[in-house]
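Remarks on the overall topology
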Amino acid sequence: MMHRRRLKVLSYNIHKGFALGNSSFTLPEIKHAISSLQPDIVFLQEVLGQHDRHASRIDRWPDLPQSHFLAEDVWPYVAYGKTSIFDHGHQGNAILSKYPIREFENIDISTNAIESRSLLHAVLDVPGLRLPVHCVCVHLNLMSRGREAQLKRICDRVIASVGGADPLILAGDFNDWQQRATGVLARELRIKEVFLDSHGVHAATFPMKFPLFRLDRVYARGLSMVGGQALKGDPWDTLSDHIPLYAELEEE
């Protein structure tokens, strides 16, 4: 019997390494929590690449950028893309991988001067798979009009850059309060949201202690979900303002 290749995936808005309300610095605990799961690919949003003010006053602030601090000892390959740059640093999205990242590109998809957003697209060479795995990490606007424009940019990028047979994972914080993104992406890209496809409903991920809003998503094409969950409870409800999504995907 032939065994299909399986990938363990985590998507997490880490809130810059702080608990809800910035009440405590939790990045070391986030590192321990995600490392204990040993996912193959991690999609991260609200990652600080540099923050000189925090570095000067927080004792446990790492010497490495947050993406590389989280990745060390587990994920040898890291892609980081800036979404916003400020006087004392920058932040963005990141993809951590156990498998080689052949290439990556960060594309500005901002629609206004207040919300700086980007699309991080990495191409992974996964042993056992004939074709590369395309991974796209996003964090979309709060306002619906901006999200609509950003969804179009995502679709345009995928159509132009991802082969029709290549496995594709699109994950992140979609801020999709009205749950409209899935229909657009299904129609334009023939891609499924794995929690909706498996459980009949998008996973609730925000706020972390009593998640009501279904903002975070894991979409896949060429891969189907065989298991996964929104990671509620200890320790996740003390680490960020979102809870992460964990999914095990299998090649179709």
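That block above? That's the structure.
Time to look at the overall build of the protein. When its secondary structure is counted, the protein shows 6 helices and 12 strands. The C-alpha radius of gyration of the protein comes to 17 Å, within 12% of the 18 Å expected for a compact globule of 252 residues. Taken along the three principal axes of its C-alpha coordinates, the protein extends 55 × 40 × 35 Å. Counting every position in the protein, which comprises 252 residues, the buried fraction comes to 56%. For the protein, the share of sequence-separated contacts (at least 6 apart) that also reach a separation of at least 24 residues comes to 69%. For the protein, the accessible surface area stands at approximately 11,400 Å², while carbon and sulfur atoms represent 51% of it. Charge separation in the protein, taken as the distance between the mean sites of 28 positive and 30 negative side-chain charges, equals 4 Å.

With 5 of 7 residues buried, strand β12 (residues 245-251) lies mostly within the body of the structure. Bridge count for strand β1 (residues 6-13) against β12 is 6 bridges, and the pairing is antiparallel. The partner of Leu10 across the bridge, within β12, is Tyr246. Note: strand β11 (residues 223-230) against β12, 7 bridges, orientation antiparallel. Along β12, the bridge assignment pairs Gln229 with Tyr246.

Moving on to the sheet that holds strand β6 (residues 118-124). The strand order across the open sheet built from 6 strands is β5-β6-β7-β8-β10-β9, with neighbouring strands paired in mixed fashion. Among the strands making up the open sheet, the edge pair consists of β5 (101-108) and β9 (192-193). For β9 and strand β10 (residues 216-221), the ladder comprises 2 bridges, and the chain directions are antiparallel. Paired with Glu193 across the strands is Tyr219, a residue of β10. Packed onto the sheet, helix α4 (residues 144-161) meets β5, β6, β7 (133-139), β8 (168-173) and β10 and runs at close to 25° relative to β6.

Quick notes on the rules
Residues numbered from 1 in each chain as written. Predicted model: local features only at pLDDT ≥ 70, side-chain atom pairs only at ≥ 80, totals over all residues. Heavy atoms only, no water. Helix = DSSP H or I, 4+ residues; strand = E, 2+ residues; numbered from the N terminus. Rg over C-alpha atoms; globule rule 2.2 N^0.38 Å. Buried < 20%, exposed > 50% of the residue type's maximum accessible area, 1.4 Å probe, protein only. Contact = heavy atoms within 4.5 Å. Areas by Shrake-Rupley, 256 points an atom, 1.4 Å probe, with all protein chains shown as cover. Lys, Arg positive; Asp, Glu negative; His and termini not counted. Charge placed at Lys NZ, Arg CZ, Asp CG, Glu CD. Pairing = 2+ DSSP bridges. Axes fitted to C-alpha atoms, helices over the stretch in contact; angles between N-to-C directions.

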